[in-house]
Amino acid sequence: IFPPMNYRPNYHFSPSDGWMNDPNGLFYLDRVWHLYFQYYPHAPEHGPMHWGHATSRDFLHWEEQPIALFPDASRYIFSGSVVVDHDNTSGFGDGTRPPVVALYTAHDALKAKASGATALGTETQALAYSLDGGTTWAHYEGNPVLPNPGIRDFRDPKVIWDAERGRWVMVLAAQDRVHFYSSANLREWAFLSEFGAGLGAHGGVWECPDLFSMRVEQVHGEPPPPDAELKWVLLVSLNPGGPLGGSATQYFVGDFDGTHFRPEKKFSRPANRSGEAVPPVFVSRAPSRQALDIMRSPYAWLDWGRDNYASVLFNNAPDERRVMIGWMSNWDYAKKLPTAAAGWLGQMTIPRQLILANTAVSGYVLKCHPPEEIVGSFDPTRRIKRAGTLNFDGPLPKAGIAPIATLIESGQLDLTKAVITVKVRQMTPLGCYMFLLCNEDGEQLEITHHNGIPGTPVVINRKDSGDCEFSKKFAQPDAVAPITPIKEVGLHCSEANFMFVLDRTSVEVFLNGGERVVTSLVFPKSPYTMLLYSADVPDSTYAIDANEISL
Ligand code: FRU
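Residues numbered from 1 in each chain as written. Predicted model: local features only at pLDDT ≥ 70, side-chain atom pairs only at ≥ 80, totals over all residues.

Caption draft 1: Up close: the sheet that holds strand β21 (residues 363–369). Read from one edge of the open sheet, four strands run β17-β18-β20-β21, paired in antiparallel fashion. Edge positions in the sheet fall to β17 (309–313) and β21, since each has one partner strand and no second. Averaged over all pairs of adjacent strands, the angle between strand axes in this sheet comes to 40 degrees, irrespective of strand direction. Pairing between strand β20 (residues 352–359) and β21: seven bridges, direction antiparallel. Bridge pairing in β21 places Q353 opposite H369. (Pairing = 2+ DSSP bridges. Helix = DSSP H or I, 4+ residues; strand = E, 2+ residues; numbered from the N terminus. Axes fitted to C-alpha atoms, helices over the stretch in contact; angles between N-to-C directions.)

Structure representation (structure tokens):
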């Protein structure tokens, strides 16, 4: 039996001990990426929250640092953000290095206990600062910098520098909406406006917002020029109320004039050319009605899987890079994950680079892609390339999908830490094809592209992926992401591409260059060692490009 300690990911950050949830205070300074996180070091459970700290220079190796912020009974350190105060607007600087300033939610556990759960007024916004680049911190004596106006869930400040107006802007979750505030010095905050009541998904409490501007991509795959159209993106996590139940992150694209955020009328609705599903000619397992409903969700989701929550961006990133990290879990089952037996719980997604595209079918779409540091870390001498065509001899199988090609045999590539890009051309408009990531214990993660159905959903089924017993909510429902085939090459041929970012206990699937992303935790008994490809149509051409991440 594969002991739980081997569930430790290779290059996704996880704390050595204890519990971790949201990423906090992400920032970049002096060639170092800083990641703070919701942390309870004493047990793998959500306890009095600290801010843990880790750093990386390359997004692949993370070094755990001493704990940054400690709680006391009347102040649990909930989520928040960090800015680099280059001009010392806060006045905390000592003239040597710019102060690094954290705005976080102080959650008063004593008050909460006295009046039940998260009572009104338990959450205020507080400030801490560091004069050594983020290692050691002092709490500001004038806390709170933003008192509670009588709102139950009032938390997770994200602060950004509004260069156009030369001031700081804070976006804060206030139960079922977000509030915007501005400040000249990070210590005094003035209310600007609110957004979101009655707009977007509201199946749960709004949490961990983020606000940032982006230039719109002009040519697919190329960085936008400096004069490209500028749009603002607002991210809002909510729990519960995600498309698959539990936690998820939605986004809005629009404009921010320094005071108000106004969403575009049309953005990122899944392409859905016609309503009803056309029954596929030959599919072993048609997507369920539930999956089709999920695919038609009217909201814009950052990730169509279940395991990417509270995603926020790095502040002060070089070259205006927009890079984010999410907590790779879901409140539906986060507390029950089997790694707890080894004393730790929680891991982050890989950092993701954002692209904002304006598409003919869906309007503005926020795409994400593994950053250069990860996809570019391939050792060219170890790169594996394969290509082939699946040809059936004789009649097609009547039921079930036959495993037709083993693309990567066991041992050739270490699938516990690999990036695999597969391009598929399929010569008939109906049917489906499927990838299986499997091990020798008969466990498998199924990724099926039903490209004969409107919306052409990709369905990811982890019912047989490994240990699913720890929570009824883990294996169901299937994750489903609608995609647009990249190329409609004539009437009977379409092309799509898949990038699988694999680590021991997770599979992040980037579809069509990041048009959609599906993040899934998996807990197989032994690592997946094979990737199988199969199709239910006679002519299907695949090309694979794979390598393991060098650590
Ligand atoms: C989101 C969240 C935040 C809160 C933190 C507490 O997962 O609920 O809203 O600040 O976790 O750990």
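Caption draft 2: Representation of unusual backbone geometry in the model. A cis geometry characterises the amide bond from N239 onward to P240, with omega recorded as -10 degrees. With respect to the secondary-structure elements, P240 resides in the loop between β14 (230–239) and β15 (248–256). Following Q476, the chain continues into P477 via a peptide bond in cis, with omega recorded as -5 degrees. Structurally, P477 can be placed in the loop between β27 (457–461) and β28 (479–482). Here N88, not a glycine, exhibits a phi torsion of approximately 50 degrees, which is positive. Mapped onto the elements of the fold, N88 is located in the loop between β5 (76–84) and β6 (100–107). Positive phi, close to 70 degrees, is recorded for L186, a residue that is not glycine. Examined against the element boundaries, L186 turns out to sit in the loop between β11 (178–183) and β12 (190–195).

Caption draft 3: Fine view of the pairing of strand β25 (residues 433–438). When you tally the buried positions in β25, you get five out of six residues, the bulk of the element. One ladder, built from six bridges, connects β25 with strand β26 (residues 444–449); its direction is antiparallel. Within the sheet, the bridge partner assigned to C438 lies in β26 and is Q444. Two successive antiparallel strands, β25 and β26, enclose a turn made up of five residues, where G442 displays a positive phi of approximately 80 degrees. (Buried ≥ 20, exposed ≤ 12 C-beta atoms within 10 Å, placed from the backbone.)

Caption draft 4: Main features of the confidence of the model for the protein. The predicted model of the protein has a mean per-residue pLDDT of 88, with 87% of residues at 70 or higher. Throughout residues 268–284 the model reports pLDDT below 50, and contacts reaching past four residues in sequence, or to other chains, amount to 50 contacts. pLDDT under 50 marks residues 393–399. Its contacts with residues more than four places away, or in other chains, come to four contacts. Across the whole predicted complex the pTM is 0.93, and at the interface the ipTM reaches 0.99. (pLDDT = per-residue confidence, 0-100. Contact = placed C-beta atoms within 7 Å.)

Caption draft 5: Quick look at the domain arrangement of the protein. Structurally, the protein comprises domain 1 (4–271 + 285–372) and domain 2 (378–548). At the junction of the two partners, domain 1 supplies 40 residues and domain 2 supplies 37 residues. Among the elements of the structure, α2 (289–295) and β21 are those that each provide at least two residues to the side of domain 1 that touches domain 2. Considered class by class, the residues forming the side of domain 1 that touches domain 2 number 21 nonpolar, twelve polar and seven charged. (Domains from an automatic or database assignment. Nonpolar A, V, L, I, M, F, W, Y, C, P; charged D, E, K, R; others polar.)

Caption draft 6: Fine view of the site of the ligand. Around the ligand lies a shell formed by N21, D22, Q38, M49, F78, S79, T105, R155, D156, E207, C208 and A310. Those elements giving two or more residues to the shell around the ligand turn out to be β1 (18–29), β5, β9 (154–162) and β13 (205–215). Of the residues contributing to the shell around the ligand, the split by class is four nonpolar, four polar and four charged. (Near = placed C-beta within 6 Å.)

Caption draft 7: Quick look at the nonpolar core. Counting 151 residues, the largest nonpolar core has V101, M170 and V509 as its most contacted members. The element that contributes the greatest number of residues to this core is strand β10 (residues 167–174), accounting for seven residues. Shared between two domains, this core holds at least three residues of each, these being domain 1 (4–271 + 285–372) and domain 2 (378–548). In this structure V101 touches V82, V83, D85, S90, F92, L127, Y129 and L186, once residues within four positions along its chain are discounted. (Core = buried A, V, L, I, M, F, W, Y, C linked by C-beta atoms within 7 Å.)

Caption draft 8: Looking closely at the sheet that holds strand β4 (residues 63–69). The strand order β4-β3-β2-β1-β19 describes an open sheet built from five strands, whose pairing is mixed. Across the chains shown, the open sheet's two edge strands, defined by having one partner strand only, are β4 and β19 (344–345). The pairing of strand β2 (residues 32–40) with strand β3 (residues 50–56) spans seven bridges and is classified as antiparallel. Bridging across to β3, Q38 finds its partner in W51.

Caption draft 9: Structural context of the pairing of strand β31 (residues 506–511). The element β31 is largely enclosed, with a buried count of six among its six residues. Neither face of β31 is left uncovered, since the one carrying S506, E508 and F510 and the one carrying V507, V509 and L511 both have all their residues buried. With six bridges connecting them, strand β30 (residues 494–503) and β31 associate as antiparallel partners. When the sheet's bridge partners are listed, F500 is paired in β31 with V509. Counting the residues between successive antiparallel strands, the hairpin from β30 to β31 contains two residues. Alignment of β31 against strand β32 (residues 516–521), held across six bridges, turns out to be antiparallel. The residue bridging E508 from the neighbouring strand is T519, located in β32. Between β31 and β32, which pair antiparallel and follow one another directly, the connecting turn spans four residues, one of which, N512, has a positive phi of 45 degrees.

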